[in-house]
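These are the residues of each chain, in order.
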Amino acid sequence: MNFPNDLFLDGGYRAAADGRRIALVDPATEEPFVEVAAATVSDVDGAVRSAHAAWEGGWRDLAPGKRAEILFRVARVLREH
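Residues numbered from 1 in each chain as written. Predicted model: local features only at pLDDT ≥ 70, side-chain atom pairs only at ≥ 80, totals over all residues. Heavy atoms only, no water.

Visitor: Can you walk me through the side chain of T40 in this structure?
Guide: Relative to the helices and strands, T40 resides in the loop between β4 (31-37) and α1 (41-56). Relative accessible area serves as the criterion here: at 16%, T40 is assigned to the buried category. At a separation of 2.9 Å, a polar atom in the side chain of T40 contacts the side chain of S42. (Helix = DSSP H or I, 4+ residues; strand = E, 2+ residues; numbered from the N terminus. Buried < 20%, exposed > 50% of the residue type's maximum accessible area, 1.4 Å probe, protein only. Polar contact = N/O pair within 3.5 Å; in protein donor to acceptor, adjacent residues only side chain to side chain.)

Take a look at the structure:
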């Protein structure tokens with residue numbers, strides 16, 4: 001199974017702004033198992049701005065029960081995969 005290895009920003013996957021990648025190492029074997037995008041300061045800034053816009057764009061106005069429903073659905077999908 002292939003997992004995404006780019007940054008998830010503003011609703012989509014993309015490479016880091018400078019294209020840099022870093023290897024993730026399996027601690028049990030000390031062997032690299034995947035390379036992922038290495039976020040830059042500007043990538044992190046963009047992610048924070050995107051999250052803030054999502055908050056102001058409707059998330060904060062959802063009823064707590066609806067937010068919980070969405071988060072439980074996310075948790076279920078994470079457990080399944």
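Visitor: When you look at α1 in this model, what are you seeing that I'm missing?
Guide: Residues separated by three or four positions in an α-helix point in the same direction, a consequence of the helix having 3.6 residues per turn. Spanning 16 residues, α1 covers 23 Å between terminal C-alpha atoms, matching the ideal 22 Å at 1.5 Å per step. Looking one or two residues past α1, G58 carries a phi angle of roughly 150 degrees, positive in sign. (Expected span 1.5 Å × (residues − 1).)

Visitor: Would you mind going over the pairing of strand β3 (residues 21-26) with me for this structure?
Guide: Within a regular beta strand, the side chains point alternately toward one face of the sheet and then the other, so they alternate between its two faces. In the sheet, β3 pairs with β4 via 6 bridges, with the strands oriented antiparallel. Among the inter-strand pairings, R21 is bridged to a residue of β4, identified as A37. Linking two consecutive strands that pair antiparallel, namely β3 and β4, is a turn of 4 residues; a positive phi of about 60 degrees is found at E30 within it. (Pairing = 2+ DSSP bridges.)

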